[in-house]
Each structure stands twice: as C-alpha cells, then as structure tokens.
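Inside the fold
So the chains spell out like this:
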Amino acid sequence: MDISLEAGTPLHAVAEARVIHKGSAGRLFGNFIWLHLAPATTGLPIHVFARYQHLDEPSPLRLAIR
C-alpha cells in the first residue's frame, strides 16, 4: 500500500519495530528504511516487513543489531 503524506509530516511506525535496512536508491525509492514488526508488537500471527520510502532526508535511525 502506498500512502502519500505532505512534505514535513511526522512519520511514525505502525507498531514497535526494528530498523533492518536503510539507504538511498535514487529517484525510484529515494531515501528509505525497512522495518521488521514482530507478531508480539502487532498482534498478528505473522512477521510484517514495512518499507517507508521517498523520505525527505536520510533516516537518523540506527540499524537494529541482533
């Protein structure tokens, strides 16, 4: 699902998550982060992976280390 927001709108994860990848991929994705949301945080019976892309600037978040 692609949800567009006005530039400058604060962005929040849908649940507690770990940042598993981040970077920049040119015009197609721009600045992005990948999140891992475990079943315990979402209440779902599956693991969810979410990508937030077209961010105005690179994410200051650090990658989660196992």
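Owing to the predicted nature of the structure, the values given are computational and were not obtained by experimental measurement.

1. Here we look at the overall build of the protein chain
In terms of helices and strands, the protein chain carries two helices and three strands. Tracing the protein chain from N to C terminus, the helices and strands come up as β-α-β-α-β. When the backbone C-alpha atoms are referred to their principal axes, the protein chain occupies close to 35 × 25 × 20 Å. Evaluated residue by residue, the protein chain yields a buried proportion of 18% over its 66 residues. Once local pairs closer than 6 in sequence are excluded, the contacts in the protein chain between residues at least 24 apart make up 38%. When the accessible surface of the protein chain is split by element, carbon and sulfur atoms take 59% of a total near 5400 Å². In the protein chain, the 6 positive side-chain charges and the 5 negative ones have mean positions that sit 13 Å from each other.

2. Things to note about the side chain of His36
Looking at the secondary structure, you find His36 in strand S2 (residues 31–37). Judged by its relative accessible area of 10%, His36 is buried. What His36 contacts, discounting residues up to four positions off in sequence, is Ala17, Arg18, Ile20, His47, Val48 and Phe49.

Calculation notes
- Residues numbered from 1 in each chain as written.
- Predicted model: local features only at pLDDT ≥ 70, side-chain atom pairs only at ≥ 80, totals over all residues.
- Heavy atoms only, no water.
- Helix = DSSP H or I, 4+ residues; strand = E, 2+ residues; numbered from the N terminus.
- Buried < 20%, exposed > 50% of the residue type's maximum accessible area, 1.4 Å probe, protein only.
- Contact = heavy atoms within 4.5 Å.
- Areas by Shrake-Rupley, 256 points an atom, 1.4 Å probe, with all protein chains shown as cover.
- Lys, Arg positive; Asp, Glu negative; His and termini not counted.
- Charge placed at Lys NZ, Arg CZ, Asp CG, Glu CD.

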